[in-house]
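A structural walkthrough
In case you want the letters, here they are:
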Amino acid sequence: MKQEDDMQAELTAEDESKDEFFERLAKLSEEMVARHGKDFSMGALVLAARWIAENRVGKLKTN
């Protein structure tokens, strides 16, 4: 337990920010699974990763 406490004290601002995003992503994933099932949730996350890889994030327009 002491080692875990030491690691927490050594987190950088960037590490803390990343942890916050992982927590948000986990909550969102849980909500998506509860409402629409695993297949939809996994597909949406994979699609999001693909858009990031293809530099398409923020370029989509909705009407």
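Relevant structure appears above.
Described below are features of the structure shown in this document. (Residues numbered from 1 in each chain as written. Predicted model: local features only at pLDDT ≥ 70, side-chain atom pairs only at ≥ 80, totals over all residues. Heavy atoms only, no water.)

**Structural notes on unusual backbone geometry**
Positive phi, normally seen in glycine, also occurs at N55, with a value near 55°. Within the secondary structure, N55 sits in the segment after α2 (13–53). (Helix = DSSP H or I, 4+ residues; strand = E, 2+ residues; numbered from the N terminus.)

**Quick notes on the pattern of salt bridges**
One pass over the structure, following the stated rule, counts three salt bridges. The partner of K18 in a salt bridge is E14, and the shortest N-O contact between them spans 3.1 Å. Within this pair, K18 and its partner E14 are both found in helix α2, separated by four residues, close to a single helical turn. Bridged by salt links that share partners, the residues R50, E54 and R56 form one connected network. (Salt bridge = Lys/Arg side-chain N within 4 Å of Asp/Glu carboxyl O.)

**Side note on the side chain of S29**
Note on placement: S29 falls in helix α2. Looking at S29, its side chain comes within polar contact range of the main-chain oxygen of L25, at 2.8 Å. (Polar contact = N/O pair within 3.5 Å; in protein donor to acceptor, adjacent residues only side chain to side chain.)

**Overview of a negative patch on the surface**
A cluster of acidic residues, D15, E16, D19, E20 and E23, forms a negative patch on the protein surface. Its location among the elements puts E23 in helix α2. (Patch = residues over 30% accessible without salt bridge, like charges linked within 9 Å, V, L, I, M, F, W, Y side chains within 5 Å. Areas by Shrake-Rupley, 256 points an atom, 1.4 Å probe, with all protein chains shown as cover. Lys, Arg positive; Asp, Glu negative; His and termini not counted. Charge placed at Lys NZ, Arg CZ, Asp CG, Glu CD.)

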